[in-house]
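# Overview (structure and organization)
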Amino acid sequence: MTDTMTLWRPTGPEELALVEASGWREWPPRLPEQPIFYPVLDEDYAIRIARDWNVPASGAGYVTRFEVEAGFAVRYPVRQAGGRTILELWVPAEELPEFNRHIVGRIEVVHEFRDA
């Protein structure tokens, strides 16, 4: 059995639709203005982003959870984006196809937030 690392990704409806179109197996390519793919290491941080940023920006926010091979994930730096638990894994956009190949299982939606 492969050791895995659990990651969360806050996302809006457009990105989530692309994940669903992949069969819940991969993240879509980044847009030109998105040089980094940054899943987060803390579920509470992902919830705050989905609820407080994605909902106002697009009317809905989702928190996804997925597993990636731990031995592969260590190649990417963990960045602290604020407080002690605000940690992100920084994956360069050009390496996202390779990162996707190391996802174990499916990407799943674990929280959903909507505009009131």
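The rules behind the values
- Residues numbered from 1 in each chain as written.
- Predicted model: local features only at pLDDT ≥ 70, side-chain atom pairs only at ≥ 80, totals over all residues.
- Heavy atoms only, no water.
- Helix = DSSP H or I, 4+ residues; strand = E, 2+ residues; numbered from the N terminus.
- Rg over C-alpha atoms; globule rule 2.2 N^0.38 Å.
- Buried < 20%, exposed > 50% of the residue type's maximum accessible area, 1.4 Å probe, protein only.
- Salt bridge = Lys/Arg side-chain N within 4 Å of Asp/Glu carboxyl O.

Along the backbone of the chain there are 4 helices and 7 strands. Each helix and strand of the chain, placed in order from N terminus to C terminus, yields the pattern β-α-β-α-β-α-β-β-β-α-β. In terms of overall size, the chain behaves like a compact globule, its C-alpha atoms giving a radius of gyration of 13 Å where 116 residues would be expected to give roughly 13 Å. Considered along the principal axes of its C-alpha atoms, the chain spans approximately 40 × 35 × 30 Å. Considering the chain as a whole, with its 116 residues, one finds that 37% of them fall into the buried category.

This paragraph deals with the pattern of salt bridges. On inspection of all chains with the given rule, the structure shows 6 salt bridges. Between Arg30 and Glu15 there is a salt bridge, with the nearest N and O atoms lying 2.6 Å from each other. Of this pair, Arg30 sits in the loop between helix 1 (13-21) and strand 2 (36-37) while Glu15 sits in helix 1; the two residues are 15 residues apart in sequence, bridging distant segments of the chain. A relative accessible area of 13% places Arg30 in the buried class. We note a salt bridge from Glu98 to Arg101, for which the minimum N-O separation is 2.6 Å. With Glu98 and Arg101 both in helix 4 (residues 96-101) and 3 residues apart, the pair spans about one turn of that helix. Residue Glu98 is classed as partly exposed on the basis of its relative accessible area of 30%. On the accessibility criterion, Arg101 (58% relative accessible area) is exposed. Salt bridges sharing common partners tie together Arg9, Glu15 and Arg30.

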